[in-house]
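# Working through the structure, step by step
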Amino acid sequence: MDWEIAANIAEVITSISLVVAIVQLIREKGNENTSAFFYLHQYLSQEQFSIARKKVRTELFKKDYAEWTDEDREQANRVCASYDQAGILISGKVINPKTARGFLNSSWGISIIDQYECLENFLNDYQTPTQTGKEFFHHFTWLYEQTKKIQGKD
């Protein structure tokens, strides 16, 4: 009898420990997602990227692509590289799908669409000896396509 009671007590303790471990795991996963989202937001908010996005939306979209300077191309490259990084994090599910959907449905999503469409000539041009911008920044292209679906602009 004593062994049976001890076994039951051990079983209850094991069950409680398992529940506590699951709760801790869920909390840690939530904290990882929050950290990843915070990182993405901070990364995209860096001054160099903010300046580059502003230049694209206020100047470059009006300017004939053949007239772009090296500085214009550098700013376009910054925008593409920053959103390519965001695409890597989201497509790799470093940020959970629900949070990613909220991100893409926000003003960031509007910016992704606007920037991509303003930069289409840059993205269609060769950015390496063998790849166009759409190929080289393929996570940005993926991000743009996903954002359009989420925002119903397909």
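The structure we're discussing is the one just above.
Residues numbered from 1 in each chain as written. Predicted model: local features only at pLDDT ≥ 70, side-chain atom pairs only at ≥ 80, totals over all residues. Heavy atoms only, no water.

## Details of helix H4 (residues 97-104)
For H4, every residue scored as buried is listed here: Ala100, Phe103 and Leu104. Angularly, the buried residues of H4 cover 90° about the axis, an arc narrow enough to put them on a single face. Its side-chain oxygen placed 3.1 Å from the backbone nitrogen of Lys98, Asn96 serves as the N-cap of H4. (Buried < 20%, exposed > 50% of the residue type's maximum accessible area, 1.4 Å probe, protein only. Helix = DSSP H or I, 4+ residues; strand = E, 2+ residues; numbered from the N terminus. Arc of directions from axis to C-beta. Polar contact = N/O pair within 3.5 Å; in protein donor to acceptor, adjacent residues only side chain to side chain.)

## Some details on the environment of Phe61
Within the element layout of this structure, Phe61 appears in the loop between helix H2 (47-58) and helix H3 (70-91). Judged by relative accessible area, which is 46%, Phe61 ranks as partly exposed. On a C-alpha basis, the gap between Phe61 and Glu120 in space is 9.6 Å, while along the polypeptide they are 59 residues apart.

## Notes on the side chain of Thr147
As for its position among the elements, Thr147 is in helix H8 (residues 138-150). Setting aside residues up to four positions removed in sequence, Thr147 forms contacts with Leu104, Gly109, Ile112 and Ile113. (Contact = heavy atoms within 4.5 Å.)

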